[in-house]
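Descriptive analysis of the structure
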Amino acid sequence: MPMDPPAVPQDQEDPRAATNGDNLTTRLSKKPKLSSITESQIREEFAHHQPGVARINNGSFGSCPASIIAAQKSWQLRFLSQPDDFFFNHLQPQIAHSRSIIKDLINADHVDEVSIVDNATTAAAIVLQHVGWAFAEGRFQKGDAVVMLHCAFQAVKKSIEAYVTRAGGSVIVVHLPFPVNSNEDIIAEFRKGLARGKANGKKVRLAIIDHITSMPCVVIPAPELVRICREEGVERVFVDAAHAIGSVRVDVKEIGADFYVSNLHKWFFCPPSVAFLYCRKSPLSPDLHHPVVSHEYGNGLAIESAWIGTRDYSAQLVIPKALEFINRFEGGLEGIRNRNHDKVVEMGKMLADAWGTSLGSPPEMCPSMAMVGLPSKLGVLSDEDASCLRSHMRDHFGVEVPVHCQVPRDGEIGATDKDGCVTGYVRISHQVYNTLNDYIRLRDAITQLLHDGVTCKMLPQDS
Amino acid sequence: MASFIDCNGATATAAALIPKSKAKSQPQPITQSEILAEFAHHDPTVARINNGSFGSCPASIIAAQQRHQLLFLRQPDYFYFNTLKPSILKTRRLIQSLINADHIEEVSIVDNATTAAAVVLQHTTWSFFSADFHPGDAVILLHYAYGAVKKSVQAYVSRAGGHIIEVHLPFPLTSNSEVISEFRKALELGKSNGRKIRLAVIDHITSMPCVVIPVKELVTMCRDEGVDRIFVDGAHAIGNVAIDVKNIGADFYTSNLHKWLFCPPSAAFLYCKSDSLSELHHPVVSHEYGNGLAMESSWTGTRDYSAQLVLPEVMEFIARFEGGIEGIMLKNHGAVVEMAEMLVKAWGTELGAPPEMCASMAMVGLPTCLGINSDEDALKLRAHLRECFKVEVPIYYKAPVGGEIERITAYARISHQVYNVVEDYYRFRDAVNKLVEDGFTCACLG
């Protein structure tokens, strides 16, 4: 059978010598398909996205191709057709299959370590409710601390309030720099912040570290921060990697955290919504429970999470199909990640050049998203300004992009452009459906606003 | 002009939410063949007499749900910022009107009754932890409480130091007074050593065995006996029996919308009386934490909320039936009782409860010779009926109490919903007759 030349440069063997044993067979199985998905097939897969919208915010809600939506409907129909048979004979094996695919993807040791939940928000509730119990049951003492980043996702901050502060725990907040120039800046600030927080002999029970912060968006050197936590005697580390799978490489053993969560509906093409929560097995593994308690209570988190009452579990069942979809692309998941990254950096630089600003972080700290400085003249001076600008971009220009306000901390200068301090950033995403035109529309919209002398204060206020 | 009738006779609020073009009178009620078309996606080879477990959803509602799903996928940011919350509010207003709640804040939408139980019970954990409640303070629930709820009570109450009182009800039952007197005895016993009862969890319709409980009387009794708070688990109730939360008088009340109210999987409401509202939180904490249970429940992270958004379309569907939801409930009840009596006559057995204690489900005694002698036997027989006879019906094993030798050790819980036809029950009748004829016993099954 004729073979295409290998796409991976390091594959030197003659692919026609197919009988030469395992190594070659393995390499052959990793060759790209004879024909990768085409541009027009990609457009078809995302034809349900609203035409006319420059959709450069894959980061917030993700995206799902038509063929996965169809696969999901097929699962939904199977349940509706004969729910009892589905419940007794099919649901659990399918969830187990999804879990084993994730285990391989993230390099976990045991499938028991992999639970499937709705989203990272749910995973945070699971980990933090456990902390709440530890306080209630006297394993933790009043004042024991939980560490979080200042830019932790708002929902996670609320969860800390609900389960830690309410239970008598204290919270150490670590500020990371933004704009940022290198991993070393992050590492240094984290080390300082953690040491300062522990200064009066606080026992740190849990650190919550983002793998990719949401706003502002930066890839954090997670393995290094986890190591610092261990060195500083932090009991457990929870990595909130909501954005990670499908945008950066995920190896949970390399990262070394106790708990690691990522959403599959953001960058892994699953429908809303599904996430995995990895919990490292060890003799001292704490006993986590799903907060929605059902028949499987006590049978381990993964089994508890696989039945939390009658619901639509179909998003959890299409993970194998999502992987198939991904493998239609050249280079599979890695290929998609690399191309998204390269494109978003290219578009980020194009925008920064056009606006006279800069990226908020160097390319190597960008995943499939980039923070691009907005011209200071726009006057993004508060969260309300950022929100108004985002709405205006949507309503007036048909551009969907989240806007972030980063006011420099005391003593810091932050970024500047020729007119003043750059305090506003857009977080642009690139996913397989994006085109150059999306970013040109963003570029021109901002340029138009500047041209018209518009500032955020002049924009219609969000209700 | 025929108008939309809900079980409390209220029309205005709900009607205002139906698009004008559809609010005009429906001269012809939905026909039998239209009903069959709406449920054509049900496996046609199966006699599906178990609406109680997982509910059912008509094709036009599935289509409506898919429209909502597509709206999100199409432009999720717009949907999140502009569409989602007003849509959930519409659903909450419909529920408020259906159940006669005073204030809209009292109505939250959650995934299912299991989630509602977690919401209510997590609050008791905090009360123990903060020393509002003391070790040994009690929660009282029925022995027949749903398995998941019992686990939740274990996870949130026992673990926090609470004491559990289970009320054993007799089964088979002959009247409400049996339920009331057993409950009264258990309450008195529970309080007898000065124990404080902090929460009563009372099923409106027990799951297995399935019986309609006189909740209003039990709630009143609890109040009289100084029980702090009362939670009615009405998982099966809406679309099965009339619900008037003020009349019932409980502090918390939940019911699934996907069981008997034609919503897709899954959605439920949790009603919480105003004076207890600020105590409750959704366990999956997100941006809305602290803004009230309804707000917290309306956003628990990125998810598919579409099942919560189709209640307006469901009310339109229901309005196509003569008598609306009340008409459906009456017909279902009449039909299930008729079928149950047909079955007991054919098998020489008995009903587990009188018709007035049944809604759209009935417990039908199975012939003793089938040898159902354990929960495992009941499950195996259910699987056997599914696989060999294509009959879907849950079986309940009734362990003999004390030294009794029960004539009937197992009951089938038959349901009747609008898609059921008499042949479904004939198939079940004939399947059991065949098993009896063949000398089948559960011991035969592997």
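These lines cover the structure that appears in this document, whether it is placed above or below. As the structure is a computational prediction, the values presented were derived from the model and not from experiment. (Residues numbered from 1 in each chain as written. Chains lettered and ligands numbered in written order. Predicted model: local features only at pLDDT ≥ 70, side-chain atom pairs only at ≥ 80, totals over all residues. Heavy atoms only, no water.)

1. Notes on the overall build of chain A
Secondary structure summary: chain A contains 17 helices and 14 strands in total. For 463 residues, the compact-globule estimate of 2.2 N^0.38 gives 23 Å, and chain A sits close to it at 23 Å. Seen through its principal axes, chain A has C-alpha atoms that stretch 65 × 65 × 50 Å. Here chain A, with 463 residues, has 59% of them falling under the buried criterion. Within chain A, contacts between residues at least 6 apart in sequence are counted, and of these 69% link residues at least 24 apart. Of the accessible surface of chain A, which amounts to about 18600 Å², a share of 51% is contributed by carbon and sulfur atoms. (Helix = DSSP H or I, 4+ residues; strand = E, 2+ residues; numbered from the N terminus. Rg over C-alpha atoms; globule rule 2.2 N^0.38 Å. Buried < 20%, exposed > 50% of the residue type's maximum accessible area, 1.4 Å probe, protein only. Contact = heavy atoms within 4.5 Å. Areas by Shrake-Rupley, 256 points an atom, 1.4 Å probe, with all protein chains shown as cover.)

2. Brief notes about the overall build of chain B
Within chain B, the regular secondary structure consists of 17 helices and twelve strands. In terms of overall size, chain B behaves like a compact globule, its C-alpha atoms giving a radius of gyration of 22 Å where 446 residues would be expected to give roughly 22 Å. Dimensions along the principal axes, computed over C-alpha positions, put chain B at roughly 65 × 60 × 40 Å. The buried share of chain B, reckoned over its 446 residues, is 61%. Expressed as a percentage of contacts within chain B between residues at least 6 apart in sequence, the contacts between residues at least 24 apart total 70%.

3. Comments concerning the state of the cysteines
One pass over the full model with this rule turns up zero disulfides over all chains. No disulfide involves A:Cys229; its nearest neighbouring cysteine sulfur is the one of A:Cys151, lying 14 Å away. (Disulfide = S-S within 2.5 Å.)

4. So, the sheet that holds strand 12 (residues 410-415) of chain B
Residues and elements named next belong to chain B. Read from one edge of the open sheet, three strands run 9-12-11, paired in antiparallel fashion. On the outer flanks of this sheet lie strand 9 (361-365) and strand 11 (395-397), each paired with one strand and no other. Across the sheet, the mean angle separating the axes of adjacent strands is 30° when strand polarity is ignored. Sheet contacts for helix 15 (residues 324-347): strand 9 and strand 12; angle to strand 9, the most-contacted strand, approximately 5°. (Pairing = 2+ DSSP bridges. Axes fitted to C-alpha atoms, helices over the stretch in contact; angles between N-to-C directions.)

5. Re the packing of aromatic side chains
Geometry of an aromatic ring pair is reported as the spacing of the ring centres plus the angle between the planes. Overall, the coordinates contain 36 aromatic pairs over all chains when judged by the stated rule. For the pair A:Phe238 and A:Phe259, a centre-to-centre distance of 6.4 Å together with 75° between the ring planes defines the contact as edge-to-face. One end of the pair, A:Phe238, is in strand 6 (residues 236-240); the other, A:Phe259, is in strand 7 (residues 259-263), and 21 residues separate them in sequence. Using a relative accessible area of 1% as the deciding quantity, one classes A:Phe238 as buried. By relative accessible area, which is 4% here, A:Phe259 ends up buried. Seen from their ring centres, A:Trp307 and A:Tyr313 are 5.4 Å apart, and the 25° between their planes marks the pair as stacked. Connected via pairs of aromatic rings, a cluster forms that spans A:Trp75, A:Phe79, A:Phe86, A:Phe87, A:Phe88, A:Trp307, A:Tyr313 and B:Phe54. Here the basic side chain of A:Arg166 rests over the ring of B:Trp126, its NZ or CZ set 4.1 Å away from the ring centre. One Lys or Arg, B:Arg303, reaches over the ring of B:Tyr305 and ends 5.3 Å from the middle of that ring. (Phe/Tyr/Trp six-rings, centres within 6.5 Å; stacked < 30°, edge-to-face > 60°. Lys NZ or Arg CZ within 6 Å of the ring centre and 35° of its normal.)

6. Comments concerning the environment of B:Ala148
As for its placement among the helices and strands, B:Ala148 is situated in helix 8 (residues 147-158). Looking at B:Ala148, the relative accessible area reads 2%, which means it is buried. For the pair B:Ala148 and B:Cys263, spaced 115 residues apart in sequence, the C-alpha to C-alpha distance is 21 Å. Apart from the residues within four sequence positions on either side, B:Ala148 is in contact with A:Val293, A:Ser294, A:His295 and B:Thr114.

7. Looking at the packing of helix 7 (residues 113-129) of chain B against helix 8 of chain B
Two packed helices can be described by the angle between their axes and the distance between those axes. All names here are of chain B. The interhelical angle for the contact between helix 7 and helix 8, taken along N-to-C directions, is 20°, at an axis separation of 8 Å. As far as their axial angle goes, helix 8 and helix 7 are roughly parallel. By crossing handedness, the relation of helix 7 to helix 8 is classed as right-handed. Between helix 7 and helix 8, the residues in contact are Thr 114, Ala 117, Ala 118, Leu 121, Gln 122, Thr 124, Thr 125 and Phe 128 and Ala 148, Val 149, Ser 152, Val 153, Tyr 156 and Val 157, respectively. Looking at the contact of helix 7 with helix 8 residue by residue, the classes come out as nine nonpolar, five polar and no charged. (Parallel < 35°, antiparallel > 145°, perpendicular 65-115°, else oblique. Left-handed = near helix turned anticlockwise from the far one by under 90°. Nonpolar A, V, L, I, M, F, W, Y, C, P; charged D, E, K, R; others polar.)

8. Side note on the sheet that holds strand 11 (residues 403-405) of chain A
Residues and elements named next belong to chain A. On the basis of which strands lie adjacent, the open sheet formed by three strands has the order 9-14-11 and antiparallel pairing. Here the strands that pair on one side only, and so sit at the sheet edges, are strand 9 (369-373) and strand 11. Pairwise comparison of adjacent strand axes, ignoring direction, gives a mean angle of 30° for this sheet. As judged from the five bridges shared by strand 9 and strand 14 (residues 424-429), these two strands associate in the antiparallel manner. Within strand 14, the position partnered with Met 369 by the bridge is Ser 429. Running at roughly 5° to strand 9, helix 15 (residues 332-355) makes contact with strand 9 and strand 14 of the sheet.

9. A few points about empty space enclosed by the protein
Scanning all chains against the criterion turns up 13 cavities of 30 Å³ or more. If you add up the space inside the largest cavity, you get close to 200 Å³. As for the largest cavity, its lining consists of 19 residues, of which A:Pro272, A:Arg311, A:Asp312, B:Arg303 and B:Asp304 are closest to the centre. At three residues, the largest contribution of residues to the lining of the largest cavity is made by helix 13 (residues 314-317) of chain A. In terms of residue class, the lining of the largest cavity is made up of five nonpolar, eight polar and six charged. Residue lining of the second largest cavity: 17 residues in total, with A:Asp118, B:Asp111, B:His282, B:Thr300 and B:Arg303 positioned closest to the centre. Partitioned by chemical class, the residues of the lining of the second largest cavity number six nonpolar, seven polar and four charged. (1 Å grid on protein atoms, 1.4 Å probe; cavity = no way out; pocket = protein on both sides within 12 Å on 5 of 7 lines; lining within 4 Å. Points joined across faces, edges and corners; volume = space filled by probe spheres on them.)

10. Quick look at the pairing of strand 6 (residues 229-233) of chain B
All names here are of chain B. Here strand 6 lies mainly inside the structure; four of its five residues are buried. Alignment of strand 5 (residues 197-203) against strand 6, held across five bridges, turns out to be parallel. For Val 201, the partnering residue across the bridge sits in strand 6 and is Phe 231. Following the chain from strand 5 across helix 10 (residues 215-224) to the adjacent parallel strand 6, one finds a crossover that is right-handed. Direction of pairing for strand 6 relative to strand 7 (residues 252-256): parallel, over a ladder of three bridges. When the bridges of strand 7 are listed, Asp 233 appears paired with Thr 254. (Right-handed = clockwise from strand over helix to strand, strands pointing away.)

11. Comments concerning the nonpolar core
One broad rule of soluble globular proteins: the nonpolar side chains tend to lie buried together. By size, the foremost hydrophobic cluster in this structure holds 178 residues, and its most contacted members are A:Ile106, A:Phe190, A:Tyr260, B:Ile99, B:Phe183 and B:Phe269. With seven residues, the single largest contributor to this core is helix 6 (residues 76-99) of chain B. Those residues within four positions of A:Tyr260 in sequence are excluded, and the remaining contacts are A:His211, A:Phe238, A:Val239, A:Ala241, A:Ala244, A:Val250, A:Val252, A:Ile255, A:Phe276, A:Leu277 and A:Tyr278. The next biggest cluster of nonpolar side chains, apart from the first, holds 35 residues, and it includes B:Ala47, B:Met339, B:Val364 and B:Phe440. (Core = buried A, V, L, I, M, F, W, Y, C linked by side-chain atoms within 4.5 Å.)

12. A few points about the interface of chain A and chain B
Taken together, the contact between chain A and chain B spans 64 residues of the former and 62 residues of the latter. Interface of chain A and chain B: buried area, both sides summed, is about 5600 Å²; carbon and sulfur atoms make up 60% of it. Contact with chain B buries surface across chain A, with A:Phe61, A:Trp133 and A:Arg166 losing the most and accounting together for 13% of the total. Taking the shortest distance from any N to any O, the salt bridge between B:Arg303 and A:Asp118 comes out at 3.4 Å. For the interface between chain A and chain B, the tally reads 26 residue pairs in polar contact (both at pLDDT 80 or more). Broken down by secondary-structure element, the contributors of at least two residues to the side of chain A that touches chain B are helix 3 (58-61), helix 4 (66-81), helix 5 (83-106), helix 6 (120-136), helix 7 (154-165) and helix 16 (383-397) of chain A. (Buried area = accessible area lost by both parts, 1.4 Å probe. Salt bridge = Lys/Arg side-chain N within 4 Å of Asp/Glu carboxyl O. Polar contact = N/O pair within 3.5 Å; in protein donor to acceptor, adjacent residues only side chain to side chain.)

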